[in-house]
Amino acid sequence: MVKRTPKPGWLGPAQEDRRNMRIRSRKAMGVVVLPVLLLMVADGLARARDVSLNGQLSSWITRDESAADEINGGLRYIPELRMTRSLPDERNFDGLFALNGYAAVPGNRNDLKLYRAWLRYAGPRWELRAGLQKINFGPARILRSLMWFDRVDVRDPLQLTKGVYGVLYRRYTLNNASFWFWDLYGNDDRKGLERHPSEKDLAELGGRYQFPVSRGEMAVTYHRRYVDPEDWARIMVVSPPVLDGLEQRFALDGIWDIGPGVWFEAAASKLKVNSNTDFWQEYLTIGADYTFDYGPGIHWLVEHFLYSSGSEASHQDNISRVTAVSVDFSVAMLDTLTAIGYYDWNRDRLYSFLGWQRTLDDYLVHVGVFESVSGDTSDFSGSGLRLMFTYNH
């Protein structure tokens, strides 16, 4: 009998049996519970009393100076169907269905994707929302340590981001505290700051408790998932193969109004590679803002971001630091100017963004000049100029 040598990311028989048990149990949670909840809410929405159709049409032209002054442009349309039904005892059903269709040149790129598709059943102090939705939290504005499930970019005037499939339950107390619980399933792409996507067919679980404190509020957050072992083996070629893959995230954040606003986000994730090896990632954001009473008011904001990773929580091998400063103010009733500077301490480089925006009833015009790291996944990679026109109906 020939003995097979395990390849990176492969599991032995015992580990594979345990993982298959997890897959069966977690898949049952995601495959059975989520459709049942959706069917229950869909039955109520079938008799929805208020239905509205809205949409957002946007077009843009970008001159990319980092790509030999290449000119590219595109057209995007996001139609939204909203449904609402009021019920006795201050309860209600509502839902949102939205598509994201775009066409861009050069390259004749085009696509049509589901953008949002969720249904919600809510009472006076609680809500249950199921489907493709946006989940985000934390007080940071620019350099977000708690960017776990979204990729909202402060430079984007439309604040577009992919959603996640799952169930979210929130309960609010009389003293303004809130409890969040979520079960995510079917999200195979990287989310937020993730280095590796989640393993397919496994649900992700988490929760958050947000509570008031003197002159502010604080929150603790937890999330657990299993990372894709094949992606780990492909990227972390010099590291041991993943035999477990359990990642647990822990976070603490707070915000206070003490004249200026001050806040922080601290997060850590522990990935269990195998019985002898862990991989830690730690994130920290501290920030403050203040509006000076000069003219229409000048709003200043500063944030400092620290990221580190290593095999131990107390000993980090790789450390990155970035500082951001933002200034925004209204020139007139309809116009807003925004300037953001980013300083990367590791690269010793300064990056910048300057934007002007005019907002009318249904229209928005935005011009942005940007310089950032080339090759990132945002629409503001490299350096260039972007002109955007948006119509909402």
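What counts and how
Every chain is numbered on its own, with residues counted from 1 as its sequence reads. Thresholds applied to this predicted model are a pLDDT of at least 70 for local features of residues and 80 or more for the giving and counting of side-chain atom pairs; totals over whole chains, interfaces and linings are not thresholded and use all residues. By convention in this description, side-chain values take in all heavy atoms of the structure and omit both hydrogens and water. Every definition here rests on a 1 Å grid over the protein atoms only: cavities are sets of points where a 1.4 Å probe fits but cannot get out, pockets are open sets enclosed by protein on both sides within 12 Å along at least five of seven lines, and lining residues have some atom within 4 Å of a point. Grid points are joined across faces, edges and corners, and a volume is the space filled by probe spheres set on the points. Think of it this way: any DSSP run of H or I at least four residues long counts as a helix, any run of E at least two long counts as a strand, and we number them from the N terminus. In this classification, the charged set is Asp, Glu, Lys and Arg, the nonpolar set is Ala, Val, Leu, Ile, Met, Phe, Trp, Tyr, Cys and Pro, and all remaining amino acids, among them Gly, are polar. Think of a patch as exposed residues, more than 30% relative accessible area, with no salt bridge, where like charges cluster within 9 Å and nonpolar side chains (Val, Leu, Ile, Met, Phe, Trp, Tyr) cluster within 5 Å. Each accessible area is a Shrake-Rupley estimate made with a 1.4 Å probe; only the visible protein chains count as cover when residues are assessed. Salt bridge, as applied in this entry: a Lys or Arg side-chain nitrogen positioned within 4 Å of an Asp or Glu carboxyl oxygen. Think of it in three bands: with a 1.4 Å probe and only protein chains considered, a residue is buried below 20% of the maximum accessible area for its type, exposed above 50%, and partly exposed in between. The aromatic pairing rule takes the rings of Phe, Tyr and Trp, using the six-membered ring of Trp, and pairs them if the centres are within 6.5 Å, calling planes under 30 degrees apart stacked, those over 60 edge-to-face and the rest tilted. For a Lys NZ or an Arg CZ to count as sitting over a ring, it must be within 6 Å of the ring centre and within 35 degrees of the ring normal. The nonpolar core is taken to be a set of buried Ala, Val, Leu, Ile, Met, Phe, Trp, Tyr and Cys residues, with the residues joined through side-chain atoms within 4.5 Å.

Asker: So what's going on with empty space enclosed by the protein? Residues and values would help.
Answerer: This structure, assessed with the given rule, holds three cavities of 30 Å³ or more. Empty space within the largest cavity amounts to approximately 150 Å³. Lining the largest cavity are 19 residues, and of these Glu247, Arg249, Ser269, Gln281 and Tyr283 sit closest to its centre. For the lining of the largest cavity, the secondary-structure elements that each account for two or more residues are strand S10 (246-257), strand S11 (261-272) and strand S12 (278-292). Considering every element that reaches the lining of the largest cavity, the biggest residue donor is S11, with four residues. Residue composition of the lining of the largest cavity, by class: 10 nonpolar, four polar and five charged.

Asker: Account for a nonpolar patch on the surface, naming residues and giving values.
Answerer: Together, Tyr290, Phe292, Tyr294, Trp300, Val302 and Val325 line one region of the surface with nonpolar side chains, adding up to about 590 Å² of accessible area. Mapped onto the nonpolar patch, the elements with two or more residues apiece are S12 and strand S13 (298-310). One can find valine 325 in strand S14 (residues 318-330). Taking relative accessible area as the criterion, valine 325 reaches 33% and is therefore assigned partly exposed.

Asker: I'd like a description of the packing of aromatic side chains, backed by residues and values.
Answerer: Tallied over the full model, the rule gives 21 aromatic pairs. Note on phenylalanine 137 and tryptophan 182: the rings are 5.6 Å apart at their centroids and 20° apart in plane angle, and the pair reads as stacked. Of this pair, phenylalanine 137 sits in the loop between strand S5 (126-133) and strand S6 (164-172) while tryptophan 182 sits in strand S7 (residues 178-184), and the two are 45 residues apart along the sequence. Above the plane of the ring of tryptophan 148 lies arginine 249, whose end atom (NZ or CZ) is 5.4 Å from the centre. Here the guanidinium or amino end of arginine 386 rests over the ring plane of phenylalanine 380, the centre of that ring lying 5.6 Å away.

Asker: Help me get a handle on the nonpolar core, residues and values and all.
Answerer: The nonpolar side chains of a soluble globular protein tend to be buried with one another. Residues Ile135, Phe137, Ile142, Trp148, Phe149, Trp182 and Tyr342 are the most contacted members of the largest nonpolar core, which totals 27 residues. Where this core is concerned, the elements lending two or more residues are S6, S7, S11, S13, strand S15 (335-344) and strand S16 (349-359). By size, the runner-up hydrophobic cluster in this structure holds eight residues, among which are Trp60, Ala98, Ala104 and Met388.

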